[in-house]
Amino acid sequence: MNAIADKDFLRHWDELSQFGAVPGTHGVDRQAGTAADGEQRKWFESLLTEHGFRVERDAIGNQYGLLELVPGAPYVLTGSHLDSQPTAGRFDGAYGVLASAHACLRAAAELGESGEAKYNLAVVNWFNEEGSRFKPSMMGSSVFTGKLPLETALNTADRSGVTVYEALGKLHELGDFTMPEVASYAEIHVQQGRSMEADGVTIGLVNATWGAHKLEVRVTGDQAHSGAAEMADRRDALLGAARLITAARDLVDDFAPGDLHTACGEINVYPNSPVVVASEVTLLIDLRSPHTEVLDAAFASLEKTIAEVSERDRLEIEIIGEHRWEQNPYPENGIALAREAAAELGLTHDRVMTVAGHDSTNMKDVAPTVMLFVPSVSGISHNLREYTSDKDMLAGLAHLAGVVTKLAKDGLDRE
Ligand code: HGY
Ligand code: MN
Ligand code: MN
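Worth saying up front: this structure is predicted, and the values here are computed from it rather than measured. (Residues numbered from 1 in each chain as written. Chains lettered and ligands numbered in written order. Predicted model: local features only at pLDDT ≥ 70, side-chain atom pairs only at ≥ 80, totals over all residues. Heavy atoms only, no water.)

So, the pairing of strand β11 (residues 280-289)
The condition is simple: Relative accessibility thresholds used throughout: buried, under 20% of the residue-type maximum; exposed, over 50%; partly exposed, between the two (1.4 Å probe, protein chains only). Each helix is a run of DSSP H or I of at least 4 residues and each strand a run of E of at least 2, with the numbering of both proceeding from the N terminus. Strand pairing is assigned whenever DSSP detects at least two bridges linking the two strands.
The element β11 is extensively covered by neighbouring structure, given that eight of its 10 residues are classed as buried. As defined by bridge partners, strand β7 (residues 211-220) adjoins β11 across 10 bridges and the pair is classed as antiparallel. By the bridge assignment for β11, Thr-220 is matched with Glu-280.

As structure tokens, this is what we get:
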């Protein structure tokens with residue numbers, strides 16, 4: 001197996017960054033199941049095939065590259081996601097996918113020589129981690145881990161009514177492959193926060209995830225003339241939604257600084273006409289906390305506000321969808337293994353919690369999982385200006401290769 005060098009990674013990185021590139025910026029728009037996603041998937045498949053991987057796809061479009069070192073043995077799986085948010089950064093997810101492919105090749109070269117491999121190696125590009133076009137986020141790994149039924153995922157439609165099944169079918173990205181047993185999972189990702197940069201830490205050993213509670217709310221009122229209708233007669237769905245959006249932000253101040261993050265990132269208004277009082281609004285509210293009790297209290301408070309706004313503005317308000325993951329840890333033995341690999345490379349490293357969800361948020365519930373970060377400049381993410389230096393990307397790649405090699409040689413027990 002030919003050893004693959006840093007310069008090869010940077011060349012592949014430049015190629016990958018062209019897919020869905022937003023002109024005049026360093027960012028991309030390659031949402032799940034779009035033409036740009038299809039193009040990058042085909043490029044990734046040819047890169048993997050060229051370097052000796054067997055490429056497969058499963059029923060929800062998760063894309064795998066397999067390197068068999070020990071016939072019949074379980075796999076060390078490493079990966080992330082290639083899909084992006086609309087007009088966002090080229091590093092979120094994609095860095096981890098390409099680094100994983102390169103880390104597998106480096107590990108295979110080392111283990112091929114030493115003959116010490118106990119496990120096989122595989123890279124995965126999870127379908128629709130971002131959940132922008134099709135909700136919920138982390139869709140591909142949620143189906144893989146049994147948290148989301150396949151049919152539900154395939155039947156999910158975007159705003160124009162196109163389903164996941166139709167979008168993936170059009171790209172010929174639907175398969176029937178079943179991934180063999182996964183012995184362990186590793187993922188590297190940009191931090192999407194600014195603490196590592198501030199602390200001068202190159203490798204983040206992710207020890208736990210913040211909890212998240214995302215809710216889709218439908219507010220129903222009645223259409224009316226925005227001028228002529230008497231104020232007392234109005235049932236204004238957009239006014240009700242606006243009260244919920246500001247209430248979600250005000251919630252933050254009810255808790256200690258840093259204990260709760262909230263946002264509303266998506267709102268759909270009907271009929272969205274300038275001279276009409278809106279009759280129906282759906283909005284996506286996102287609650288995050290490192291403490292379960294804070295997340296629960298924030299959700300309860302929001303439910304109370306929903307009842308109050310419904311009463312005050314004579315609206316029907318319903319929570320029509322929820323996506324929640326708990327504040328829970330990554331296994332300590334995986335953190336120890338990753339710390340050893342960082343120390344062997346002389347890379348600064350420290351424990352860090354992840355606020356964003358990742359496919360490892362799902363995978364850690366089904367396999368021993370190691371989650372790693374490299375720094376994000378100014379913590380900017382889900383933004384065209386997202387950036388991580390080549391130096392940090394290459395350090396992270398070397399570290400991931402070390403971690404994957406250790407996992408393939410020694411394995412990682414389920415804690
Ligand atoms: O929801 C999340 O935190 C992830 O970025 N999809
Ligand atoms: Mn991501
Ligand atoms: Mn993201």
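Structure shown, so let's carry the discussion forward.
Re the domain arrangement of the protein chain
Many structure descriptions define interface size as the accessible area lost when the parts assemble. For the record, the criterion: Throughout, the edges of the domains are those of an automatic or database domain assignment. In what follows, a contact means two residues having at least one pair of non-hydrogen atoms within 4.5 Å. Buried area: the accessible surface (1.4 Å probe) lost by two parts on joining, summed over both. Whenever a carboxyl oxygen of Asp or Glu lies within 4 Å of a side-chain nitrogen of Lys or Arg, that contact is scored as a salt bridge. Counting of polar contacts relies on pairs of N or O atoms within 3.5 Å, with two restrictions inside protein: one atom must be capable of donating a hydrogen and the other of accepting it, and residues adjacent in sequence are counted only when both atoms are side-chain atoms. When residues are grouped by polarity, Ala, Val, Leu, Ile, Met, Phe, Trp, Tyr, Cys and Pro land in nonpolar, Asp, Glu, Lys and Arg in charged, and all others, Gly among them, in polar.
By the assigned domains, the protein chain splits into domain 1 (6-210 + 328-410) and domain 2 (211-325). Using C-alpha coordinates to define each centre, domain 1 is positioned 33 Å away from domain 2. If you look at the interface, domain 1 gives 12 residues, while domain 2 gives 14 residues. Summing both sides of the interface, domain 1 and domain 2 together bury roughly 1,000 Å²; the carbon and sulfur share of this comes to 60%. It is Lys-135, Arg-159 and Trp-210 in domain 1 that bury the most area against domain 2; as a group they hold 57% of the surface buried on that side. Linking domain 1 to domain 2 there are two salt bridges. Counting the contacts that link domain 1 with domain 2 gives four residue pairs in polar contact (both at pLDDT 80 or more). Grouping the constituent residues of the side of domain 1 that touches domain 2 by class yields six nonpolar, four polar and two charged.

Some words on unusual backbone geometry
With an omega of 5°, the peptide bond running from Lys-135 to Pro-136 counts as cis. Relative to the helices and strands, Pro-136 resides in the loop between β4 (120-125) and α4 (139-144). Even without glycine at this site, Thr-87 takes up a positive phi of about 35°. Within the secondary structure, Thr-87 is located in the loop between β3 (75-80) and α3 (94-114). Note on Thr-87: relative accessible area 40%, which makes it partly exposed.

Notes on the coordination of the manganese ion (ligand 3)
Applicable threshold: Only N, O and S atoms count as donors, using a 2.8 Å cut-off from the metal and 3.2 Å for Na, K and Ca, and because water is excluded some sites may appear unfinished.
Bound to the manganese ion (ligand 3) on the protein side are Asp-92 (OD), Glu-130 (OE), Glu-130 (OE) and His-382 (NE2), at distances that span 2.1 to 2.5 Å. In this model, the manganese ion (ligand 3) sits 3.5 Å from the manganese ion (ligand 2), the two metals being bridged by Asp-92. One end of the pair, Asp-92, is in the loop between β3 and α3; the other, Glu-130, is in the loop between β4 and α4, and 38 residues separate them in sequence. Per residue, the accessibility class of Asp-92 equals that of Glu-130, and both read buried.

As for helix α12 (residues 390-410)
Heads up, the rule is: Multiplying 1.5 Å by the residue count of a helix minus one yields the expected span of that helix.
Here α12 spans 30 Å end to end across 21 residues, near enough to the 30 Å set by a 1.5 Å rise per residue. In terms of residue burial, α12 counts as a mostly covered element, since 15 of its 21 residues are buried. Gly-411 sits one or two residues past α12 and shows a positive phi near 75°.

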